[in-house]
Every structure is written in structure tokens, then in C-alpha cells.
Amino acid sequence: MDTPELENIEVALFVQALQRRYGYDFSQYAPASLKRRIQQLSEQMECKTISGLTERMLHDPPLLPRVLDGLTVPASEMFRDPAMFRSLREQVLPLLASYPQINIWQAGCAHGQEVYSLAILLEEAGLYERTQIFATDLSERALQLAEEGIYPARDAQQWSRNYQAAGGNHSLADYYSARYNLLKIDQRLRRHVTFAQHNLVADGVFCEAHLILCRNVLIYFSNPLQDRVLSVFRDSLVRNGFLCLGMRESLDYASAAASFAPFDECLRIYRLAGQPERAFA
Amino acid sequence: MNTPKAIVIGCSAGGVEALKVIVGGFSTRLQQAVLVCCHSSSETMDLLCEVLNRVSSLPVMEAQERHPVQAGTVYLAPSGYHLLVEADWHFALSIDPRVNYVRPSIDVMFYSAAEVWREKLIGVVLTGGNADGASGLQRIRSLGGTAIVQSPTSAEIPTMPQAALDTAGADHCVDLSDIAPLINRLCLA
Ligand SMILES: C[S@@+](CC[C@H](N)C(=O)[O-])C[C@H]1O[C@@H](n2cnc3c(N)ncnc32)[C@H](O)[C@@H]1O
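Residues numbered from 1 in each chain as written. Chains lettered and ligands numbered in written order. Predicted model: local features only at pLDDT ≥ 70, side-chain atom pairs only at ≥ 80, totals over all residues. Heavy atoms only, no water.

Per an unreviewed UniProt entry, chain B goes by the name protein-glutamate methylesterase and belongs to Dyella flava. On record in UniProt, under Catalytic activity (unreviewed entry), the comment for chain B is "[protein]-L-glutamate 5-O-methyl ester + H2O = L-glutamyl-[protein] + methanol + H(+)". (UniProt positions renumbered as here; feature names shortened; annotations may be inferred.)

Set out below in C-alpha cells:
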């Protein structure tokens, strides 16, 4: 038996151990990138093999947050894909403006970069006072960092460019203070944000939402899990509610996608279509 | 006989011109899937797709997540995402942090393709100004695949092929103009 096959056995055992020990189920994640992450995690934790990682994880519960953080790799940017945020600003928010109260669910919020991007858009559109943003993620660590809203200052340049390209009419620097090598997001932007742990693998509807952003999360899921999550989104959205996915995500293999109509296919912005037709019982 | 099933190609600075020569030189009878990872600063692969389609007798398109890898097709890794292949020959994307300062990374694509296609894989490293692809090429070789490296002297920027040679060595180290004929020979034999 050669190394990859041996590793595949170890990966399967790791996934099973994590599930049985702590209840987190990664068995439906897309295998290729999951394996990469498990390998990276075991290198970072200086384990010689994945089995070594499994042993430590099983016997050392305080390691769990680190393990989950390593398996989920919460990487993000502010205003990533500016064209999408521009469309939110120019096309979607004007439609949401007709609701007296706007609920937004951001699923897979990583370190909060997109949450604050949204808050800025809403602030500039004059809608933030009647908006509630629910920002959820699997990783508790990620959520903690998201609440703090502190990022390396070196990211500021790129993010400012993104903000401008997304149609921003101020300067991104108006929304943070920079000190040493860090920038800290203005805490006022947090005033209508609720951060909470929510696991898309196991948990259901989180809130009734007018807009759901779940970008670059489903790319890590196998087809059946992608389908499951899309049905949760379908059940969470108000009629004609909006769903934004990552720019390279494909709905071609999810039957729940039938409930969504493209609003801007290219930018992966969808709308919940009218009531799905039910087959005769 | 181990007829290859797939060809993975990595390139960086100078890559577009090199790809035109190689993709333009493929035989119309090629039955292999060709996966290309080309570092580029542009936000989409549309232009490269167009440029290559003009010279290619095989269809050239951006790889789409979840879609099957089809024979006789040239796929480009989308910009900003790592491209991986699942064991059942479907594409997967990841937006994990950069590897070797780049995303898509050639190493990431090579590693996953190596596991899927093993000895039925050809890995190609072309011109470029960094060392991405070197360790992936080593993985390809260690799992029985065939490594082709563009001769550094024929490369616009020799750093990347040189790094690949230093780390992985090669089964064939040839000039740019000889790469497509060599691939045709290995694949149509
Ligand atoms: C690549 S990040 C995407 C961040 C951001 N949406 C963006 O596109 O820039 C993926 C996020 O999904 C989260 N995630 C992964 N699996 C999850 C699950 N089962 N439930 C909830 N969140 C999950 C990760 O923790 C991570 O923060």
C-alpha cells in the first residue's frame, strides 16, 4: 500500500474520531481540500502522522478549537469581489429598502471582514438603523476574532481598493483606526450585528432573512451537503429574498437550486422563487 | 502500457506565450484532460481562454467546481482559487490561503492530480519566476507519473523550471518547441 492510500485511511479515521468524540461531522466535506487541511494541521501541530494528530485530538479536549479552526481555515477579505458588493449596493439594497425591518444572515463569516463590509454598505445606504445582521460560523475562534474586528494593517490597501471598486463614496479609513501594524474596525459598525455559532452541517434555520450571504463556504462541501444547506437557506428566506454565493460556486448539482432564480447569475446573486410547487401527495 | 489519462501544466511569468506554443501544438486526437494553472494578476481567465481557444484544436475552458473532468479538453484554474481534483474525477475549488505566495498554486493542483491519476499523469513545469510546482512535480514522480520540465535555457524566466529540476528532477527536460510533440508521442503511443 502506498502513502496516499495509507493517508486516506488515516483521514477517514480522523474524521470518524472527531465526530464520535466531539460531534463535529466533516464526513461530507469535499475530500481533496479536507485532506489538505488535515495534513496541514498535523504539520502545524508537529505530528508525524495524521494518526498522531487523531491521538492528540482524542485525548486533549482543549485542542478542539484549534482543530476546528485548522479544518475550516477562516480566510476572508473586505469587499472581496467588489462587483458583487457594488451590485448589493446598487441593485439589492434599494429593493430591501421597502421592508420596515431588514434581517441579514451571513453564514460562514470567518473573521468578520464581510460582516463589516455589509455594515458599511448599509450605513452608507441609510438602512443600517433598521437592519439586524446575524453573523454565524462553525469556528468559535473565528467568531471571537470577528467580534474584535482587528486585522493586519497590510491588508488595508487592497481592501480600500476593493471598497472603491464596490462603489464606496468615502474612504475606507473612515471606518477604522490604525495603530502599530493593526487596524481596528470602528465598534459602531458592530451595533446591529449578532455573532453566533451555527453549524451548517447539523443546524437548521437560524432566522427569517431577507438576504443571506454564504460565500465560499459551500465550495468545501460535497454535493449532498451543499444541497442540504441550500434547503436550509430556502426555508430561511422570505419570499423573493436574496442569496449571495461565492463567485465561482456552481449550483449545477444541487436539486434545491430549483427554488432559486438568478438575479445576477454572473455575480451569483439569486432570489427565492415563488412557492416551490409541491407534487401531489 | 500506461497511457496517460491527464496532463497538468504549471506556469507563471512568460506563461501565456509558452502555453500558446504547447496548446497550439497538441494533436487533435489527444484524449487526455489537460489542466493548466497559470499565475496571473488578472481577475478572470476569460482572456487567456480566448487566446488559447484561437490556437487550440481542443476546447479550452475555465474549470468549474463540481463538474466532471472531461477527456480531450483543456481546463484553466480560475484566478483566485486553488484547483483540485477529487478521486471521482470532478473538479473542486478552494479559497484557502495562498501557497508559495500564489492562488491558484501549481503545487496544490499537482498534489491532488498526482493522487488521482498516479502513473497515468504527466506533469509539466514551464517558465516562471518562483518555485511553485517544484514540490508538486516531485509528488507526481514519486507516485509514478511522468515529469516534463521546460529547459531553463528556452524559458523566458528560468527560475521555475530550474527549481523543479533541482527539487524533483525530470523524465524529460526539453525546449519549449519540443514539449507538445513529446506529449503527443507519450499520449498517442
Ligand atoms: C473561506 S471562508 C469564507 C469567508 C467569507 N464568506 C468570504 O467569502 O470571504 C469559509 C468559512 O466557512 C466556515 N465554515 C466551514 N464549515 C462550516 C460549517 N459547517 N458551518 C458554518 N460555517 C462553516 C469556516 O469557518 C470559514 O470561516
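Our next topic: the UniProt feature "active site" (unreviewed entry) in chain B. Residue and element names in this part refer to chain B. Per the UniProt entry, the sites bearing "active site" (unreviewed entry) are Ser12, His39 and Asp132 in this numbering. With the annotated positions falling across 121 residues, the maximum pairwise C-alpha distance of 9.7 Å places them together in a single cluster. Looking only at the residues we just named, the largest pocket is lined by His39. By the element assignment, His39 lies in the loop between β2 (33-38) and α2 (46-55). With a relative accessible area of 11%, His39 lands in the buried category. Residues contacting His39, with those up to four places away along its chain left out, are Cys11, Ser12, Val102, Pro104, Ile106, Asn130 and Asp132. (1 Å grid on protein atoms, 1.4 Å probe; cavity = no way out; pocket = protein on both sides within 12 Å on 5 of 7 lines; lining within 4 Å. Helix = DSSP H or I, 4+ residues; strand = E, 2+ residues; numbered from the N terminus. Buried < 20%, exposed > 50% of the residue type's maximum accessible area, 1.4 Å probe, protein only. Contact = heavy atoms within 4.5 Å.)

With 25 residues of chain B at the interface, the matching set in chain A holds 31 residues. The junction of chain B with chain A conceals about 2,200 Å² of combined surface from both sides, 46% of it contributed by carbon and sulfur atoms. Taken together, the residues of the side of chain B that touches chain A break down into 11 nonpolar, four polar and 10 charged. (Buried area = accessible area lost by both parts, 1.4 Å probe. Nonpolar A, V, L, I, M, F, W, Y, C, P; charged D, E, K, R; others polar.)

Surveying the vicinity of the ligand reveals 22 residues, the closest of which are A:Tyr29, A:Ser76, A:Arg80, A:Asp137 and A:Leu200. More than one chain lines the surroundings of the ligand; the residues nearby belong to chains A and B. A:Thr72 places a side-chain nitrogen or oxygen 3.3 Å from an oxygen atom of the ligand. A:Asp137 has a polar side-chain atom sitting 2.5 Å from an oxygen atom of the ligand. (Near = heavy atom within 4 Å. Polar contact = N/O pair within 3.5 Å; in protein donor to acceptor, adjacent residues only side chain to side chain.)

We now examine the sheet that holds strand β3 (residues 150-152) of chain A. Residues and elements named next belong to chain A. One open sheet holds the three strands; their spatial order is β3-β5-β4, and the pairing between them is antiparallel. At either end of the open sheet lies a strand with only one pairing partner, and these are β3 and β4 (176-179). Strand-to-strand twist in this sheet, taken as the mean axis angle between neighbours without regard to direction, amounts to 25 degrees. Bridge analysis of β4 against strand β5 (residues 182-185) gives four bridges, and the strand direction is antiparallel. Along β5, the bridge assignment pairs Tyr176 with Ile185. (Pairing = 2+ DSSP bridges. Axes fitted to C-alpha atoms, helices over the stretch in contact; angles between N-to-C directions.)

What follows deals with the packing of aromatic side chains. What describes a pair of aromatic rings is the distance from one ring centre to the other and the angle between the planes of the rings. Residue and element names in this part refer to chain A. For the structure shown, the criterion picks out 12 aromatic pairs over all chains. Judged by centre distance (5.3 Å) and plane angle (90 degrees), the ring pair of Trp105 and Phe233 falls under edge-to-face. Here the residue Trp105 occupies a position in strand β1 (residues 102-107), and Phe233 occupies one in helix α9 (residues 223-236), the gap between them amounting to 128 residues. In this pair, the class of Trp105 matches that of Phe233, namely buried. An aromatic cluster is defined as three or more aromatic residues linked by ring pairs; in this entry it consists of Phe79, Phe85, Tyr163 and Tyr175. Sitting over the face of the ring of Tyr220, Arg37 holds its NZ or CZ atom 4.0 Å from the ring centroid. (Phe/Tyr/Trp six-rings, centres within 6.5 Å; stacked < 30°, edge-to-face > 60°. Lys NZ or Arg CZ within 6 Å of the ring centre and 35° of its normal.)

Next up on the list: helix α1 (residues 3-22) of chain A. For an α-helix, 3.6 residues make a turn, and residues three or four places apart therefore share a direction. Residue and element names in this part refer to chain A. Between its first and last C-alpha, α1 extends 28 Å over 20 residues, near the 28 Å set by a 1.5 Å rise per residue. Of the residues making up α1, those classed as buried are Pro4, Glu7, Glu10, Val11, Phe14, Val15, Ala17, Leu18 and Tyr22. With its buried residues spanning 165 degrees around the axis, α1 presents them on a single face. Two residues or fewer after α1 comes Gly23, characterised by a positive phi angle close to 85 degrees. (Expected span 1.5 Å × (residues − 1). Arc of directions from axis to C-beta.)

Before going further, it helps to spend a moment on the pattern of salt bridges. Inspection of the entire model under this criterion finds 19 salt bridges over all chains. A:Lys35 serves as the salt-bridge partner of B:Glu115, at 2.8 Å between the closest nitrogen and oxygen. Placement of B:Glu115 in helix α3 (residues 106-117) and of A:Lys35 in helix α2 (residues 31-44) is noted, with the two residues assigned to different chains. Taking the shortest distance from any N to any O, the salt bridge between B:Asp96 and A:Arg37 comes out at 2.4 Å. In this pair, B:Asp96 is assigned in the loop between β6 (91-94) and α3 and A:Arg37 in helix α2, connecting two distinct chains. Residue classification places B:Asp96 among the buried positions, given a relative accessible area of 7%. A network of salt bridges, in which partner residues are shared, links A:Glu7, A:Lys35, B:Glu115 and B:Arg139. (Salt bridge = Lys/Arg side-chain N within 4 Å of Asp/Glu carboxyl O.)

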